[in-house]
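Structural overview
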Amino acid sequence: MADGWYEEAPAGRVATQIFADQAKSIITTNSSPDVPFSKSINPYQGCEHGCVYCYARPSHAYWDSSPGLEFETKLFYKSNAAQLLEESFKRKSYQCEPIVLGSNTDPYQPIENTLNITRQLIEVMAEHRHPFSIITKSAGVLRDLPLLSELAEQNLCNVFLSVTTLDDVLKRRLEPRAAAPQARLQAIKQLTDAGVPVGVLVAPIIPALNDAELEDILEACSSAGARAASYIFIRLPHEVRLLFREWLATHYPEKFNHVMNLIRESRGGKENSYRFGERMRGTGNYAGMIKQRFMLKRNQLGLGDRLAALDASQFTHRSGVADQLALF
């Protein structure tokens with residue numbers, strides 16, 4: 001599935017290195033009041049999409065790698081992910097609640113086309129009738145559309161597409177190897193037409209760069225079939241702050257001061273905030289204006305603030321209960 005950015009690597013692009021990681025566990029839990037789920041799985045560490053704002057970049061230091069170029073080109077995959085998930089589900093102590101695939105890095109980044117780790121995880125969840133959500137900005141999710149459609153019919157899955165901009169030029173600079181805007185809208189439509197509930201994440205909202213598109217993004221996603229929408233104000237944790245400042249000075253030097261001043265205004269005078277309740281939305285007049293605009297347009301379009309709850313009552317510790325799904 002072509003994502004619509006380019007078919008061949010540009011001259012001078014650093015080659016991607018891929019390393020297997022034998023993980024000790026697969027399900028991550030969190031108790032953050034800012035996050036609407038408690039269980040997630042990230043099949044990959046690092047991400048080829050190369051989004052400059054990615055808040056997952058600092059985590060690459062765990063592998064003694066840089067949050068900059070190495071985050072995009074030195075990738076790790078959990079080779080035993082499906083096995084670990086199967087073992088988790090078979091434990092009688094396991095308590096079922098929806099799992100999110102891709103809360104940190106994209107589960108459908110390009111290397112998934114050959115490694116199939118995300119697909120293997122979905123197949124395990126299908127066998128155990130375990131509910132899950134997918135967060136991605138890749139049209140590659142359509143590869144698994146037949147299986148996702150079957151599971152959605154049983155209220156076991158949904159998908160959230162991240163749409164940052166409708167501007168191809170800004171997309172290429174901001175998210176160089178992620179799907180083109182039209183490819184994402186087409187993915188929303190095809191998923192919806194196949195019966196898979198789709199929500200949209202307008203993320204991140206960056207002052208003076210993509211904030212003017214807010215209503216247009218919601219309108220386009222709603223027209224494509226999205227049922228719910230949320231947004232995230234740009235976050236600049238740790239090294240991401242320096243990477244973003246350098247990127248902004250390179251691509252939009254005339255807007256540098258304006259963008260950074262609005263970010264600081266929305267972060268209590270700083271360039272980032274870790275405080276629960278405000279780190280995803282920001283505070284102050286500008287952030288309040290963004291929230292009002294978002295809520296007004298979302299309500300006008302009849303979009304929800306979240307998708308309908310998935311069904312956890314079908315879960316079984318036994319495997320093989322949904323063998324017919326392996327045909328897809």
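Summarised in this report is the structure supplied together with it. Remember, predicted model here, so these are calculated numbers, not experimental data. (Residues numbered from 1 in each chain as written. Predicted model: local features only at pLDDT ≥ 70, side-chain atom pairs only at ≥ 80, totals over all residues. Heavy atoms only, no water.)

Observations concerning the overall build of the protein chain
The test is simple: Secondary structure elements follow DSSP: runs of H or I of four or more residues count as helices, runs of E of two or more count as strands, with numbering from the N terminus. The atom set for the radius of gyration is the C-alpha atoms, and the globule formula is 2.2 Å times the number of residues raised to the power 0.38. Think of it in three bands: with a 1.4 Å probe and only protein chains considered, a residue is buried below 20% of the maximum accessible area for its type, exposed above 50%, and partly exposed in between. Accessible surface is estimated by sampling points in the Shrake-Rupley manner with a 1.4 Å probe; for residues, cover comes only from the protein chains shown. Note on charges: Lys and Arg go in the positive column, Asp and Glu in the negative column, and His and the chain ends are not counted at all. In plain terms, the charge of a residue is placed at NZ if it is Lys, CZ if Arg, CG if Asp and CD if Glu.
Counting its regular elements, the protein chain contains eleven helices and ten strands. For 328 residues, the compact-globule formula gives about 20 Å, and the C-alpha radius of gyration of the protein chain, at 19 Å, lands near that figure. When its C-alpha atoms are laid out on the principal axes, the protein chain stretches across 60 × 45 × 40 Å. In the protein chain, buried positions account for 55% of the 328 residues. As displayed, the protein chain has an accessible area near 14400 Å², and 50% of this comes from carbon and sulfur atoms. Each charge class in the protein chain was averaged separately, 36 positive and 37 negative side chains, and the resulting centres sit 5 Å apart.

Quick word on the sheet that holds strand E6 (residues 99-101)
To keep it simple, the criterion reads: Should DSSP find at least two bridges between two strands, the strands are taken to pair. Contact definition: two residues touch when any of their heavy atoms are within 4.5 Å. With axes taken as lines fitted to C-alpha atoms, and helix axes fitted only over the stretch in contact, angles between N-to-C directions fall between 0 and 180 degrees.
With mixed pairing, the seven strands of this open sheet are ordered in space as E2-E3-E6-E7-E8-E9-E10. Two strands lie at the open edges of the sheet, namely strand E2 (28-29) and strand E10 (228-233), each paired on one side alone. Bridging between strand E7 (residues 132-136) and strand E8 (residues 157-162) involves five bridges; their strand directions are parallel. Bridge pairing links Thr136 to Leu161 in E8. Contacting E7 and E8, helix H5 (residues 145-153) runs over the sheet at an angle of about 125° to E8. Running at roughly 165° to strand E9 (residues 198-205), helix H8 (residues 214-224) makes contact with E9 and E10 of the sheet.

Considering the sheet that holds strand E1 (residues 17-21)
Taken in spatial order, the three strands line up as E1-E5-E4 in an open sheet, and their pairing is mixed. Since the sheet does not close on itself, it has two edges, and those belong to E1 and strand E4 (44-45), each with one partner. Sheet analysis places E1 next to strand E5 (residues 74-78), joined by five bridges and oriented parallel. Paired with Ile18 across the two strands is Leu75, which belongs to E5.

What to know about the packing of helix H2 (residues 81-90) against helix H4 (residues 117-128)
Here is the rule we go by: Convention used here: angles under 35 degrees read as roughly parallel, angles over 145 as roughly antiparallel, angles from 65 to 115 as roughly perpendicular, and any remaining angle as oblique. Crossing handedness is defined as follows: a turn of the near helix away from the far one that is anticlockwise and smaller than a right angle gives a left-handed crossing, while the clockwise case is right-handed. Residues are grouped as follows: nonpolar covers Ala, Val, Leu, Ile, Met, Phe, Trp, Tyr, Cys and Pro; charged covers Asp, Glu, Lys and Arg; every other residue, Gly included, is treated as polar.
Running from N to C, H2 and H4 point in directions that differ by 20°, and their axes come no closer than 9 Å. Our classification of the angle between H2 and H4 gives roughly parallel. For the pair H2 and H4, the crossing hand works out as right-handed. Between H2, through Ala81, Ala82, Leu85, Glu86, Phe89 and Lys90, and H4, the contact on the second element is made entirely by Ile117, Gln120, Leu121, Val124, Met125, Glu127 and His128. Tallied by class, residues from the contact of H2 with H4 come to eight nonpolar, two polar and three charged.

Observations regarding the nonpolar core
Stated precisely, the cut-off is as follows: To define a nonpolar core, start from buried Ala, Val, Leu, Ile, Met, Phe, Trp, Tyr and Cys residues and group those joined through side-chain atoms within 4.5 Å.
Judged by nonpolar contacts, the single largest core of 84 residues is most densely connected at Leu148, Leu191 and Phe244. When sequence neighbours within four positions are dropped, the list of residues in contact with Phe244 reads Val52, Ile206, Ile234, Leu236, Val259, Met260 and Ile263.

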